[in-house]
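So the chains spell out like this:
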Amino acid sequence: MTAPLDIVDIHAHLWPPAWRPGGRYEKPAGAFSPEIHRKIITPQALVDELEQSGVSLAVVTATVESLFGMEGIVPLKAVREANDWLATLSHAHPTLTGFAVVDAFAGEEAAREAERAIVELGLTGLVIDSSRDGKFITDPSARPTLDVAARHKVPVFVHPVAHPNAEALIKGAGNLGNSLGRGLMNGVAFLSVIQSPILDELPDLHLVFATLGLGAIVQAARGGIYGRAERAAGRRPNIYFDTMGHDPDIVRTLTGFFGAERVLAGTDWPILAALDRDEFQESLAQAGLNEREARLVAGGNARRLLGLRHDQAAAAE
C-alpha cells in the first residue's frame with residue numbers, strides 16, 4: 001500500500017464521569033480486571049493508545065446494560081447526562097467521537113432522547129442493546145428510536161448483552177461461555193431484523209452488529225435476504241459487522257459473507273487493545289483483501305456512515 005491505513009475503530013467504550021469512582025452513579029469494577037477498569041474510566045488512556053497504535057479515530061459508546069444493568073427502569077435524566085458528556089468527547093479529544101446511548105425499548109421517550117442527541121448535541125450515531133426484558137430490536141417498542149435513526153441517516157450500533165442464563169454459561173465455559181451467550185443475543189437480534197420487513201420499511205436505517213454475533217450467519221445463509229443467490233447478486237442490506245480485532249480468518253469470513261463494503265474495523269476497547277496499524281494492514285492482506293477493500297474495512301466504511309448525517313444536512317441547505 002502506498003499510504004498508511006486510515007483506521008476508524010467503530011467499537012470502543014468509556015464510562016462517563018458520573019459512573020466513575022466518586023461519581024453520582026459510581027459503578028464497581030465488576031468482572032473487569034483492575035487494568036481494564038482503569039482504562040474504561042480514563043479517556044486519556046484510549047487517546048494515548050490510539051496515538052501509539054496509529055488509529056485515526058475511535059467511536060466511543062456507553063451502553064444501557066453497562067451503565068444501568070440488565071433489568072429495571074432506565075432513568076432518563078441519567079441517560080441525558082451520559083449523552084451530554086459523550087457529545088463533549090470530540091471537543092476535548094479530536095481522535096474520539098461518541099454515539100448516543102438510548103434505551104431503545106422505552107418507546108417514544110427513547111425516540112425523543114435520540115432526536116435530542118442527534119439534532120441538539122450533534123452526535124453521529126446511536127448505540128442500543130440487542131435485547132432487554134425479553135424483547136429484541138424488532139419489537140414495536142424500539143421502532144420509534146429506529147425511525148429517528150433512519151430519518152437522520154445515522155448508524156445504530158446494536159450491542160451484545162448478557163444471556164439471561166449467563167451464570168450457567170460461565171459455570172460451563174468461564175468467560176468464553178459468557179461471550180458466547182452475548183454473541184447469541186446479538187445474533188438473535190440480527191436474525192430478528194433480517195426476518196422482518198424493517199429494512200424495506202426504513203431504507204436509510206444502517207445497523208451495526210458485533211462479531212460476537214457472527215454465528216447467526218449460518219442461519220442467515222439458509223435463505224432470505226442473505227441467501228446464497230442474494231449474496232451472489234450483490235444484494236446487501238444496510239447491515240454491518242465490526243471485526244472485534246484483526247484475526248485474518250474472521251475478517252475473511254466477514255468480508256466473504258457481507259462484502260468488504262459492510263465490514264468495519266473495531267475492537268471492543270478496552271477489552272481488546274487498540275488496533276496496531278501495521279499488524280492490521282498485514283491481517284487485511286492475509287485475509288485476501290485488495291488495497292481498495294482494505295481501506296474500506298479499515299476506515300472508509302466508517303467514515304461514510306459517520307458522514308451520512310452531514311451529507312443529508314448539506315443537501316437540505
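Residues numbered from 1 in each chain as written. Predicted model: local features only at pLDDT ≥ 70, side-chain atom pairs only at ≥ 80, totals over all residues. Heavy atoms only, no water.

Bringing the packing of aromatic side chains into the picture now. Scanning all chains against the criterion turns up twelve aromatic pairs. A centroid spacing of 5.4 Å and a plane angle of 90 degrees characterise the contact between Phe190 and Phe241, whose relative ring orientation is edge-to-face. One end of the pair, Phe190, is in helix H8 (residues 166–194); the other, Phe241, is in strand E10 (residues 239–242), with 51 residues separating them in the sequence. Here the two residues Phe190 and Phe241 agree in accessibility, since each one is buried. Ring geometry for Tyr226 and Phe258: centres 5.4 Å apart, planes at 85 degrees, overall edge-to-face. Of this pair, Tyr226 sits in the loop between helix H10 (217–220) and helix H11 (228–232) while Phe258 is found in helix H12 (residues 248–258), placing the two residues 32 residues apart along the sequence. Look at Phe258 and you get buried, because its relative accessible area is 1%. (Phe/Tyr/Trp six-rings, centres within 6.5 Å; stacked < 30°, edge-to-face > 60°. Helix = DSSP H or I, 4+ residues; strand = E, 2+ residues; numbered from the N terminus. Buried < 20%, exposed > 50% of the residue type's maximum accessible area, 1.4 Å probe, protein only.)

Looking now at the packing of helix H6 (residues 108–120) against helix H7 (residues 143–152). Viewed as axis vectors pointing N to C, H6 and H7 meet at an angle of 25 degrees, and their least axial separation amounts to 7 Å. With respect to H7, the element H6 is oriented roughly parallel. In the packing of H6 onto H7, the handedness of the crossing is right-handed. On H7, the residues touching Glu108, Ala110, Ala111, Ala114, Glu115, Ile118 and Val119 of H6 are Pro144, Thr145, Val148, Arg151 and His152. Residues of the contact of H6 with H7, tallied by class, amount to seven nonpolar, two polar and three charged. (Axes fitted to C-alpha atoms, helices over the stretch in contact; angles between N-to-C directions. Parallel < 35°, antiparallel > 145°, perpendicular 65-115°, else oblique. Left-handed = near helix turned anticlockwise from the far one by under 90°. Contact = heavy atoms within 4.5 Å. Nonpolar A, V, L, I, M, F, W, Y, C, P; charged D, E, K, R; others polar.)

So, on to the nonpolar core. If you look at the biggest cluster of nonpolar residues, it comprises 101 residues, and the most contacted ones within it are Phe190, Leu207 and Phe209. For this core, the element with the highest residue contribution is helix H14 (residues 291–316), accounting for seven residues. With residues up to four places along the chain from it excluded, the contact list for Leu207 reads Ile137, Leu146, Val156, Val158, Val193, Leu199, Asn238, Ile239 and Tyr240. (Core = buried A, V, L, I, M, F, W, Y, C linked by side-chain atoms within 4.5 Å.)

Take H12 next. What H12 keeps buried is the set Pro248, Val251, Leu254, Thr255, Phe257 and Phe258. One side-chain oxygen at the N-terminal end of H12 lies 2.8 Å from the backbone nitrogen of Asp249; it belongs to Asp247. With its phi angle positive at about 90 degrees, Gly259 sits one or two positions after the end of H12. (Polar contact = N/O pair within 3.5 Å; in protein donor to acceptor, adjacent residues only side chain to side chain.)

Before going further, it helps to examine the sheet that holds strand E1 (residues 8–13). Two orientations exist for strands paired in a sheet by backbone hydrogen bonds: parallel and antiparallel. One open sheet accounts for three strands, arranged E1-E2-E3; its pairing is parallel. The strands lining the two open edges of the sheet, one partner per strand, are E1 and strand E3 (96–98). Strand-to-strand twist across the sheet, computed as the mean angle between neighbouring axes with direction ignored, equals 30 degrees. Bridging between strand E2 (residues 57–61) and E3 involves three bridges; their strand directions are parallel. Note on E3: the bridge partner recorded for Val60 is Gly98. Contacts between helix H2 (residues 43–53) and the sheet are confined to E1, E2 and E3, with E3 contributing the most and set at about 130 degrees to the helix. (Pairing = 2+ DSSP bridges.)

The pLDDT averaged across the protein chain works out to 93; a share of 97% of its residues lies at or above 70. For the stretch residues 313–317, pLDDT sits under 50, and the model shows zero contacts to residues farther than four places along the chain or on other chains. (pLDDT = per-residue confidence, 0-100.)

For the rest of this paragraph, the subject is the packing of helix H4 (residues 76–86) against H6. Put simply, H4 and H6 touch, their axes get as near as 11 Å, and they point 20 degrees apart. On the basis of their axis angle, the class for H4 and H6 is roughly parallel. Regarding H4 and H6, the two cross each other, and that crossing is right-handed. Contacts between H4 and H6 pair Leu76, Val79, Arg80, Asn83 and Asp84 from the former with Glu109, Glu113, Arg116 and Ala117 from the latter.

Let us look at the pattern of salt bridges. All told, the structure shown has 14 salt bridges when counted by the stated rule. When the shortest N-O distance is used, the salt bridge between Glu65 and Arg182 registers 2.8 Å. Of the two residues, Glu65 sits in helix H3 (residues 64–68) while Arg182 sits in helix H8, which places them 117 residues apart along the sequence. You can call Glu65 buried: its relative accessible area is 12%. We classify Arg182 as buried; its relative accessible area is 17%. In this structure, the salt-bridge partner of Glu291 is Arg295, at a minimum N-O distance of 3.1 Å. With Glu291 and Arg295 both in helix H14, this residue pair falls four residues apart, about one helical turn. Taking relative accessible area as the criterion, Arg295 reaches 24% and is therefore assigned partly exposed. Overlapping salt bridges, with partners in common, bring together Arg80, Asp84, Glu113 and Arg116 in one network. (Salt bridge = Lys/Arg side-chain N within 4 Å of Asp/Glu carboxyl O.)

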